[in-house]
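This is what each chain is made of:
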Amino acid sequence: MIRTLQSLRFVFIMLVVLSHYIGQSFDFGGECGVSFFFILSGFVLSLAYSERIADGSFSTRPFVVKQWIKIYPLHVVTFVMMFVLDLRLGKYCDPVAAVANALLLQSWVPADSFYFVANSPSWFLCDIMFFYLVFSALNKCILRAGNGKILSFGIVLLCLYICLMCLLPSHLVNPILYANPLTRLLDFAIGVLLYKMYVSDKGVSLRNRLNGSSPLVVSTLELSALMLVVATALAYPHLPQRVRTASLFWIAIPLFVYFFAMADKSCGVMSRCLRCKVMLWLGNISFVIYMIHAPVLRIFNSISISLGIDNQSTIHFLLFTTLLVVLSHFTNELCNWLRLRIEKKQIGQ
């Protein structure tokens with residue numbers, strides 16, 4: 001486990017949570033966070049399984065089943081919660097869209113009315129499950145290909161993406177560029193490419209040099225990586241939606257992920273903070289935070305109104321985040337217990 005990246009999960013999850021808490025004025029948080037996690041997934045899965053893929057001991061089916069067991073029960077629970085909460089408010093959705101969301105197929109349909117149903121953040125899981133299915137083949141292709149082939153193919157893909165980005169009608173920009181599994185596979189592939197760079201001879205040499213550098217040098221580089229993301233945030237509101245949905249983040253986020261992966265054992269200030277136990281714990285429950293934050297926010301807002309707590313106040317935000325983290329911790333413990341029971345049952349059979 002690369003500890004810096006584990007802790008950064010929480011940081012970027014909170015950007016997503018803030019985007020839903022604040023609203024459209026902070027859409028940057030959601031789109032930046034999604035890009036981070038798609039890219040990170042390609043990197044960490046390659047880190048964990050590339051050797052097994054190379055020697056032929058990796059099998060896609062048990063891998064996908066394992067991931068399905070990890071995410072699907074919580075998806076069902078949050079789907080039902082939000083579906084019921086919507087019904088209480090008189091919000092009704094297309095039954096076909098509801099079924100698509102329940103089965104994690106919603107992002108394949110290019111319509112907001114499909115992939116933003118019930119627990120809307122679950123569209124992310126639809127994409128991730130597709131990435132799991134193609135992961136082995138994609139990893140094998142990228143790691144075996146030479147740099148020249150990757151560069152040539154990357155240029156062709158980029159040109160095709162730019163054409164698609166320019167030609168899409170406005171109402172399809174979000175469904176196709178932001179949510180569709182095929183287009184977001186590019187983010188996942190970038191993560192696999194980062195792994196290829198990470199384990200290369202140059203990557204190993206750079207990592208050793210970075211870990212041997214002084215705290216001042218590493219901390220300065222950490223600040224530079226952070227400022228690159230900040231610069232992206234500053235540019236975000238001035239760019240068209242077609243760019244903001246994904247491609248805006250294809251420079252800053254890969255460099256950010258790659259740098260902090262390389263700096264995991266360094267003595268930089270930010271890296272040391274990210275390796276602390278509290279941050280690692282928060283990173284460990286980040287998936288649960290993502291999955292339950294929408295229903296928790298809906299319920300907490302309802303309670304806070306009855307208690308007379310201003311939903312624009314600092315105390316509202318602090319109470320919400322505290323409740324979210326506490327509930328996520330216990331939910332994560334319960335999910336881990338259930339997953340172990342299911343796995344033991346499968347082994348017994």
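My aim in this report is to walk through the structure given alongside it, one point at a time. (Residues numbered from 1 in each chain as written. Predicted model: local features only at pLDDT ≥ 70, side-chain atom pairs only at ≥ 80, totals over all residues. Heavy atoms only, no water.)

**Points about the overall build of the protein chain**
What the protein chain contains, in helices and strands, is 17 helices and 0 strands. The C-alpha atoms of the protein chain give 21 Å as radius of gyration, which agrees with the globular expectation for 349 residues (20 Å, within 12%). Projected onto the principal axes, the alpha-carbon positions of the protein chain cover approximately 60 × 55 × 45 Å. The buried share of the protein chain, taken over its 349 residues, is 48%. For the protein chain, contacts bridging at least 24 residues in sequence account for 78% of all contacts bridging at least 6. Element-wise, carbon and sulfur atoms account for 68% of the exposed surface of the protein chain, whose accessible area totals about 17500 Å². Here the protein chain carries 27 positive and 15 negative side-chain charges, and the mean point of each set is 8 Å from the other. (Helix = DSSP H or I, 4+ residues; strand = E, 2+ residues; numbered from the N terminus. Rg over C-alpha atoms; globule rule 2.2 N^0.38 Å. Buried < 20%, exposed > 50% of the residue type's maximum accessible area, 1.4 Å probe, protein only. Contact = heavy atoms within 4.5 Å. Areas by Shrake-Rupley, 256 points an atom, 1.4 Å probe, with all protein chains shown as cover. Lys, Arg positive; Asp, Glu negative; His and termini not counted. Charge placed at Lys NZ, Arg CZ, Asp CG, Glu CD.)

**Observations regarding the environment of Val230**
Within the secondary structure, Val230 sits in helix H11 (residues 215–235). Among the residues examined, Val230 registers a relative accessible area of 32% and is labelled partly exposed. Separated by 22 residues in sequence, Val230 and Ala252 place their C-alpha atoms 9.1 Å apart.

**Examining the pattern of salt bridges**
If you walk through the whole model with that rule in mind, you get 2 salt bridges. Here Asp86 and Arg298 are joined by a salt bridge, their closest N and O atoms 2.9 Å apart. Pair noted here: Asp86 is in helix H3 (residues 60–88) and Arg298 is in helix H16 (residues 286–307), with a separation of 212 residues, a long-range link. A residue is classified by how much of its surface remains accessible, and Asp86, at 13% relative accessible area, is buried. Arg298 sits in the partly exposed class, given a relative accessible area of 24%. (Salt bridge = Lys/Arg side-chain N within 4 Å of Asp/Glu carboxyl O.)

**Topic: a nonpolar patch on the surface**
Nonpolar side chains collect at one region of the surface, where Val77, Met81, Ile299, Ile303 and Leu307 lie side by side and expose about 430 Å² of accessible area between them. Going through the elements one at a time, H3 and H16 are the ones with two or more residues in the nonpolar patch. With 3 residues, the top contributor of residues to the nonpolar patch is H16. Residue placement: Val77 occurs in helix H3. (Patch = residues over 30% accessible without salt bridge, like charges linked within 9 Å, V, L, I, M, F, W, Y side chains within 5 Å.)

**What to know about the side chain of Thr232**
Tracing the chain through its elements places Thr232 in helix H11. Accessibility expressed as a relative area gives 9% for Thr232, which makes it buried. If we ignore the near neighbours within four places in the chain, the residues touching Thr232 are Phe28, Leu248, Phe249 and Ala252.

**Some remarks on the packing of H11 against helix H13 (residues 252–262)**
The geometry of H11 relative to H13 is characterised by a closest axis approach of 9 Å and an angle of 160° between their N-to-C directions. Taken together, H11 and H13 sit at an angle that is classed as roughly antiparallel. At the point where H11 passes H13, the crossing takes the left-handed sense. When H11 is examined against H13, the residues Val218, Leu221, Glu222, Ala225, Leu226, Leu228, Val229 and Thr232 are found in contact with a partner set consisting of Ala252, Ile253, Leu255, Phe256, Phe259 and Phe260. In terms of residue class, the contact of H11 with H13 is built from 12 nonpolar, 1 polar and 1 charged. (Axes fitted to C-alpha atoms, helices over the stretch in contact; angles between N-to-C directions. Parallel < 35°, antiparallel > 145°, perpendicular 65-115°, else oblique. Left-handed = near helix turned anticlockwise from the far one by under 90°. Nonpolar A, V, L, I, M, F, W, Y, C, P; charged D, E, K, R; others polar.)

**Some points on H16**
Within H16, the axis deviates most sharply at Ile292, by approximately 50°, and proline Pro295 lies no more than four positions further along. Just beyond H16, the residue with positive phi is Gly308, at close to 75°. (Bend = angle between axes of the 7 residues up to and from the residue.)

**A short note on the packing of aromatic side chains**
What the rule picks out here adds up to 32 aromatic pairs. Relative to Phe37, the ring of Phe36 lies with its centre 5.1 Å away and its plane at 90°, an arrangement referred to as edge-to-face. Since its relative accessible area comes to 9%, Phe37 is described here as buried. Ring centres 6.1 Å apart and planes at 75° place the aromatic pair Phe38 and Trp123 in the edge-to-face group. Here Phe38, found in helix H2 (residues 27–55), pairs with Trp123, found in helix H6 (residues 123–144); they are 85 residues apart in sequence, far enough to count as distant. Note that Arg207 overlies the ring of Tyr198, its terminal NZ or CZ placed 4.0 Å from the centroid. One cation-aromatic arrangement involves Arg244 over Tyr236; the distance from NZ or CZ to the ring centre is 4.9 Å. (Phe/Tyr/Trp six-rings, centres within 6.5 Å; stacked < 30°, edge-to-face > 60°. Lys NZ or Arg CZ within 6 Å of the ring centre and 35° of its normal.)

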